[in-house]
Amino acid sequence: MSVVQSEMEGEVYFPSPEVIAQANVPDWEAAAEFARNDLEGFWAEQANELEWYRKWDKVLDDSNKPFFKWFTGAKVNIVHNAVDRHVKTWRRNKLALIWVSEDGKEERTFSYYSLNREVNRFANIIKAMGVTKGDRVTIYLPRIPEIVFAMLACAKIGAIHSVVFAGFSVDALRGRIDDSASKLVITADGSWINGKIFELKRTVDEAIKSCPSVENIIVVRRTGHEVPMEAERDHWYDDLCALPIANGKCVTEQLDAEDPLYILYTSGSTGKPKAILHTHGGYMVGTYTTLKHVFDLKDEDRWWCAADPGWVTGHSYIIYGPLILGATSFMFEGGPVYPYPNRWWQLIERYGISVFYTAPTAIRGLMRFGEAWPNKHDLSSLRLLGTVGEPINPEAWKWYYRVIGKEKCPIMDTWWQTETGMFMITPTPVVPLKPGSATRPVFGQEAEILDDSGNPVPDGEEGYLVLKNPWPAMLRTVYGDDERYVRQYWSKYPGKYMTGDSAKRDADGYFWIIGRVDDVIKVSGHRLGTAEIESALVSHPAVAEAAAIGLPHEVKGQAIHCFVLLRAGFAGSPELAEELRQHVSTHMSPIAKPEDIKFVDKLPKTRSGKIMRRVLKARAQGLPEGDISTLEE
Ligand code: WT7
């Protein structure tokens, strides 16, 4: 790539002739033009590259907006395209998954052929446990191959998986199992985090004390430490595998394109986390198309998406997208700095990773350890890089570009959400890049920046980011709460999808994401809701009321700061603050552990009693408080 001063605004990195020569992606303008004129035709063309048991009658059914439907009348199963179809071709011998344990001592690899066997086995087992089409299954597993098998097994038989990130603690897990009314929970004895065991099975035991729907628990052995097992209810996965029912093929259910594939809980503005629903057909086409066009994966590539399967990034781009493409995916159990901050670079070298995708927070964190760590390794296998989860500051972008990509790898800054299921604003390898901008909406999409009353703001000014067109991988609803789906996403600007982000557009039509405008805090790229953090605090006997806000943090992007009003008889102290931080960690998640807790006598509220987090945030940063006319007093 070369940095060129051009007509375009700001610093622009143009793809080099070598990058353009090897890129097998459509011409941006032509593809965008085609999709603009014929949205359904564009997506039908993509869908036709995949296998369907029966083709659709209609590509897009928008007769009941905003409940859009895609590929109606079609029969399909995402697992057929992710696994079954590859087993019929030469890809049966290709590696689907390469997995490495945290300590680096264990390596497990699966060809598409053996992946198929593992998925069949897992599917046979859950089927024998009485799980059928439409049932919800909670999966609470670490980054190990079994999470892939378990998810695909559910999809294969038409059950709906609900993966809960294994970094969530007991209350967060309980809420998600209970809301989804899961019959089955799939977990492990524990997970490895920086050489220590994080209890998973014990957390499940605690969580399901008040979840009557759960009939069975499958426990994958990972750490080998002792955990309590309840006869009848709890089953070791390896014991189940030894049973005759586990053997043989399990048919892949022929489903409607609009049948549910999974739910994934995510925090929105107020209230409890929302179960975002994705379906088989559209999600399959959306993840396939975007991964193919943006990361341009080829058969010789080794793709590493360093996210966790428990977040949407992992669902779409560790599991479904790469497998549908027939790619080789790399999965690492551990984190970037254990035992040393060269862990990732060492793995890129050792496994010849060619396309690497991570979050800005990881880059910022690794940057702090200096260039010497990556420079110890041969990173020449890399040809393309990516980021996701939060805005990337130009400084981190340039470091990533220079130190990791050696100024030859374009960086795909992909903006999207749990709700969108697939990339929405993103470059492709042939698009000129500007550090810090996710560039332009994907083919078939148009984005706008609006003011509060729905008028477009002039270029260069901040406003609400909305999406204008439906897309195949879009969420279909909030599971069990259609009304909330409409209210949350489609009511502020009728007919347009509200993203919850603020952004700017520049004169070249490039989008610059600023951040969330709702009560979502992005900590190290993880999406956390203030409501869930506050309710964890309020569950402590000393706390009467609490407010959580996100403040800028150099590495994490945002860090959680809390304001706590104590109950009568309790006095604030550093010890109590520490106890409350720990309380949030053990009840919600270690990643939600507040940076700082302040004890206050009063919280700023509106006359209707809503906490004004905006005012707290401004005060904490010494900024103007804005409109406080609705403040109680
Ligand atoms: C929010 C969605 C979908 C991947 C993981 C996050 C922020 C995401 C970017 C980016 C700036 C980004 C937005 C968005 N975000 N990608 N490339 N640049 N901000 O999914 O947990 O549902 O969070 O993440 O604020 O709304 P999520």
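Quick caveat, the model's predicted, so the values are computed rather than measured.

Trainee: What exactly am I supposed to notice about the sheet that holds strand β7 (residues 107–111) here?
Mentor: Whether parallel or antiparallel, the strands of a sheet pair through hydrogen bonds between backbone atoms. On the basis of which strands lie adjacent, the open sheet formed by 7 strands has the order β7-β6-β19-β18-β20-β21-β22 and mixed pairing. Pairing within the sheet leaves two strands with one partner each, and these edge strands are β7 and β22 (411–414). Across the sheet, the axes of successive neighbouring strands diverge by a mean angle of 20 degrees, strand direction being ignored. The sheet contact formed by strand β18 (residues 303–305) and strand β19 (residues 329–332) spans 2 bridges and is parallel. Counted as the bridge partner of W303 is S329 from β19. Lying over the sheet, helix α12 (residues 343–351) contacts β6 (95–100), β7, β18, β19 and β20 (355–358), oriented at roughly 145 degrees with respect to β19. Sheet contacts for helix α15 (residues 394–404): β20, β21 (384–388) and β22; angle to β21, the most-contacted strand, approximately 155 degrees.

Trainee: Quick question: what am I supposed to make of the sheet that holds strand β8 (residues 136–140) here?
Mentor: Spatially, β14-β13-β10-β8-β9-β16-β17 is the arrangement adopted by the 7 strands of the open sheet, whose pairing is mixed. With one partner strand each, in any of the chains shown, β14 (234–236) and β17 (274–279) form the two edges of the open sheet. Neighbour-to-neighbour, the strand axes of the sheet open up by a mean angle of 25 degrees, direction not taken into account. By the bridge criterion, 4 bridges tie β8 to strand β10 (residues 184–188) in an arrangement that is parallel. Each residue of the ladder has a partner; that of T138, found in β10, is V185. Sheet contacts for helix α7 (residues 170–180): β8, β10, β16 (260–266) and β17; angle to β8, the most-contacted strand, approximately 165 degrees.

Trainee: Could you clarify how one ought to interpret the packing of helix α17 (residues 530–538) against helix α18 (residues 574–587) in this entry?
Mentor: Taken N-terminus to C-terminus, the directions of α17 and α18 make an angle of 120 degrees; their axes are 9 Å apart at the nearest point. When the axes of α17 and α18 are compared, the pair comes out oblique. Seen from above, α17 lies across α18 with right-handed handedness. Residues I533, A536 and L537 of α17 pack against L580, H583 and V584 of α18.

Trainee: Which parts of the structure should I look at to understand the nonpolar core?
Mentor: The nonpolar side chains of soluble globular proteins are, as a tendency, buried together. W52, F71, F295, Y320 and F356 are the most contacted members of the largest nonpolar core, which totals 198 residues. Per element, the largest residue contribution to this core is 10 residues, and it comes from helix α6 (residues 145–157). Not counting residues up to four positions away in its chain, the partners in contact with W52 are A47, F71, A74, K75, V76, A257, G281, M284 and V285. The next biggest cluster of nonpolar side chains, apart from the first, holds 8 residues, and it includes I549, L551, F563 and L565.

Trainee: Quick question: what am I supposed to make of the site of the ligand here?
Mentor: The environment of the ligand is formed by 17 residues, the closest being D413, T414, T418, R516 and R527. P391 has a polar backbone atom sitting 3.5 Å from a nitrogen atom of the ligand. D413 has a polar side-chain atom sitting 2.7 Å from a nitrogen atom of the ligand. Here the ligand has 560 Å² of accessible area as a free molecule, and 96% of this is covered by the chains. Among the elements of the structure, α11 (312–325), β22 and β26 (511–516) are those that each provide at least two residues to the shell around the ligand. Of the residues contributing to the shell around the ligand, the split by class is 6 nonpolar, 5 polar and 6 charged.

Parameters at a glance
- Residues numbered from 1 in each chain as written.
- Predicted model: local features only at pLDDT ≥ 70, side-chain atom pairs only at ≥ 80, totals over all residues.
- Heavy atoms only, no water.
- Pairing = 2+ DSSP bridges.
- Helix = DSSP H or I, 4+ residues; strand = E, 2+ residues; numbered from the N terminus.
- Axes fitted to C-alpha atoms, helices over the stretch in contact; angles between N-to-C directions.
- Contact = heavy atoms within 4.5 Å.
- Parallel < 35°, antiparallel > 145°, perpendicular 65-115°, else oblique.
- Left-handed = near helix turned anticlockwise from the far one by under 90°.
- Core = buried A, V, L, I, M, F, W, Y, C linked by side-chain atoms within 4.5 Å.
- Buried < 20%, exposed > 50% of the residue type's maximum accessible area, 1.4 Å probe, protein only.
- Near = heavy atom within 4 Å.
- Polar contact = N/O pair within 3.5 Å; in protein donor to acceptor, adjacent residues only side chain to side chain.
- Areas by Shrake-Rupley, 256 points an atom, 1.4 Å probe, with all protein chains shown as cover.
- Nonpolar A, V, L, I, M, F, W, Y, C, P; charged D, E, K, R; others polar.

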